[in-house]
Amino acid sequence: MATAPFPTIPELVAITIAYRNQAYIADAVLPRVTVGKQEFRYWQYPVEETFALPETRVGRRSRPNEIDLTATELADKTEDFGLDDPIPQTDIDNAPANHNPIDRATVQLTDYILLDREVRTAALVFAAANYPVGNKIQLAGTDQFSDFVNSSPIDVIQTALDAPLMRPNVITMGQAVWTKLSMHPDILKAVHGNDGDTGIARRQAVADLFEVEEILVGQSRLNTAKKGQPAALSRVWGKHISLSYRDRNADTRSGLTFGYTAQWGSRVAGTKEDSDIGLRGGQRLRVGESVKEKIVAAQAGYFIEDAVA
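Criteria and cut-off values
Residues numbered from 1 in each chain as written. Predicted model: local features only at pLDDT ≥ 70, side-chain atom pairs only at ≥ 80, totals over all residues. Heavy atoms only, no water. Phe/Tyr/Trp six-rings, centres within 6.5 Å; stacked < 30°, edge-to-face > 60°. Helix = DSSP H or I, 4+ residues; strand = E, 2+ residues; numbered from the N terminus. Buried < 20%, exposed > 50% of the residue type's maximum accessible area, 1.4 Å probe, protein only. Lys NZ or Arg CZ within 6 Å of the ring centre and 35° of its normal. Arc of directions from axis to C-beta. Contact = heavy atoms within 4.5 Å. Pairing = 2+ DSSP bridges. Axes fitted to C-alpha atoms, helices over the stretch in contact; angles between N-to-C directions. Salt bridge = Lys/Arg side-chain N within 4 Å of Asp/Glu carboxyl O. Polar contact = N/O pair within 3.5 Å; in protein donor to acceptor, adjacent residues only side chain to side chain. Expected span 1.5 Å × (residues − 1).

Visitor: Looking at this model, I keep getting lost on the packing of aromatic side chains. Mind explaining?
Guide: Aromatic ring pairs: the centre-centre distance and the angle between the two ring planes describe each pair. Within the structure shown, the criterion is met by five aromatic pairs. Judged by centre distance (5.1 Å) and plane angle (85 degrees), the rings of Phe126 and Trp237 are edge-to-face. Here Phe126 is found in the loop between helix H5 (101-125) and strand S5 (136-138), whereas its partner Trp237 is found in the loop between strand S9 (233-235) and strand S10 (241-244), with 111 residues between them in sequence. A single burial state applies to Phe126 and to Trp237, both of which are buried. Grouped by ring-pair contacts, the aromatic residues Phe126, Tyr131, Trp237, Phe258 and Phe303 constitute a single cluster. Above the face of the Phe81 ring, Arg120 is positioned so that its terminal group lies 3.6 Å from the ring centre.

Here it is as structure tokens:
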């Protein structure tokens, strides 16, 4: 990657790369794929070719059958996401021995950037318009999983698993959905082998029940209030379920996977002197990354909208 005028500091880069917030699931839902340039190209393969069965029998003196694999090359580019924090020199000079204001601000800015990524990913994955007709359903009333008497989550989810091009191996849902699903009598009966009257199912047990690799639950919250107003917290991941096929080995050129995140270069973190911060100047901290979330094989996913009331 070309050298940028804003300097990076290896120690701060290490901090921002190492930072993890266990509530964020975007990297698991749409795994990161490295691209060589900010503008990148990716391939989409025709469904009919992916599942076609060419003639493979070869006669004793004949040529093997030839096939001509095609793909549509599309173009896109990563977008820059970053934040600055002007840190007064007085804060740095007067900080306790065990507190580094720049390190602490690096962590905070990283969390803001990753929360924004979480919001973008949730909006993309939980949008019904991003799924083909036949690969989505909207529940209402007694069909929603919050109705423990009339709803049938096992039937709905099993049907959803059979619909996509590739059988999903990941189920993603918001916390509100998981809370109800993990206590649903049908799930408890299937997992625990009891009458299902009470209890809570564990994620791995439910993943094993539906024969998927992982159940991802979005737990993060977002303050939607304007600055200076009382906090108004809402869930980033709504009351929906996305079932998707995830291939962690897929990239922009090969592999069929529901979606991924193109990432150009490493995360950026660095400081430079800024004389306009306070009386004595200070350090301007910058943290950011260049990424683009993509759904590249919508046929490999299924969407259950309004899974709970």
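That was the structure; now back to the text.
Visitor: What's the story with helix H6 (residues 153-162) in this structure? I'm lost.
Guide: An α-helical segment advances 3.6 residues per turn. Residues three or four places apart therefore align on the same side. When H6 is considered as a whole, its buried residues turn out to be Pro153, Val156, Ile157, Ala160 and Leu161. Buried residues along H6 cover an arc of 135 degrees about the axis, so they all sit on one side. Exposed residues lying more than 90 degrees from the buried face of H6 are Asp155, Thr159 and Asp162. Buried positions along H6 lie against strand S6 (170-174), helix H7 (175-181), helix H8 (185-192), helix H9 (203-210), S10 and strand S13 (301-305).

Visitor: How should I be thinking about the sheet that holds strand S11 (residues 259-274) in this particular structure?
Guide: To summarise the sheet geometry, strands pair through backbone hydrogen bonds and adopt either a parallel or an antiparallel arrangement. Spatial strand order, S1-S11-S12-S4: four strands in an open sheet with mixed pairing. Every interior strand has two partners, whereas the edge strands, strand S1 (32-35) and strand S4 (79-88), have only one. Ignoring strand direction, the axes of neighbouring strands in this sheet form an average angle of 35 degrees. As paired elements, S11 and strand S12 (residues 282-295) share 13 bridges and run antiparallel to each other. When the sheet's bridge partners are listed, Trp264 is paired in S12 with Ser290. Where helix H1 (residues 10-18) meets the sheet, its contacts fall on S11 and S12, and the angle it forms with S11 comes to roughly 140 degrees. Strand contacts of H5: S1, S4, S11 and S12, with the helix running at about 20 degrees to S12, the strand carrying the most contacts.

Visitor: Looking at this model, I keep getting lost on the pattern of salt bridges. Mind explaining?
Guide: Where charged atoms from two side chains of opposite charge come close, those side chains can pair. Tallied over the entire structure, the rule returns 17 salt bridges. Between Arg120 and Asp116 there is a salt bridge; the shortest N-O distance is 3.0 Å. Placement of the pair is Arg120 and Asp116 together in helix H5, with a separation of four residues, close to one helical turn. For Asp116, a relative accessible area of 34% corresponds to the partly exposed category. In this structure, Arg246 engages Glu214 in a salt bridge whose closest nitrogen and oxygen atoms are separated by 3.0 Å. Taken together, the positions of Arg246 in the loop between S10 and S11 and Glu214 in strand S7 (residues 214-218) put the pair 32 residues apart, joining distant regions of the chain.

Visitor: Can you walk me through unusual backbone geometry in this structure?
Guide: Among all residues save glycine, negative phi is the norm, and among peptide bonds the norm is trans. Residues other than glycine seldom take positive phi values, yet Glu211 does so here, at roughly 55 degrees. Relative to the helices and strands, Glu211 resides in the loop between H9 and S7. In this structure, Asp306 takes a positive phi of about 55 degrees despite not being glycine. As for its position among the elements, Asp306 is in the segment after S13.

Visitor: Which parts of the structure should I look at to understand the environment of Ala75?
Guide: Secondary-structure assignment places Ala75 in strand S3 (residues 72-77). With 35 residues separating them in the primary sequence, Ala75 and Phe40 have C-alpha atoms 5.9 Å apart. Not counting the four nearest positions on each side in its chain, Ala75 is found in contact with Phe40, Arg41 and Tyr42.

Visitor: Help me out: how do you make sense of the sheet that holds S7 in this one?
Guide: Across the sheet, which stays open at both edges, the five strands sit in the order S5-S13-S10-S6-S7 with mixed pairing between neighbours. A single partner strand is all that each edge strand has here, and the edge strands are S5 and S7. Here the strands of the sheet are splayed against their neighbours by 10 degrees on average, with no regard to which way each runs. Pairing between S5 and S13: three bridges, direction parallel. Across the sheet, residue Lys136 finds its bridge partner in S13, namely Phe303. Where H6 meets the sheet, its contacts fall on S6, S10 and S13, and the angle it forms with S13 comes to roughly 150 degrees.

Visitor: Looking at this structure, how should I read the side chain of Ser182?
Guide: If you trace the backbone, Ser182 turns up in the loop between H7 and H8. Within the structure, Ser182 has its side chain in polar contact with the backbone oxygen of Thr179 (distance 3.1 Å).

Visitor: Is there a simple way to explain H5 in this structure?
Guide: Taking 1.5 Å of rise per residue, 25 residues should cover 36 Å, and H5 covers 36 Å from first to last C-alpha, within 8% of that figure. Its side-chain oxygen placed 2.9 Å from the backbone nitrogen of Ile102, Asn100 serves as the N-cap of H5.

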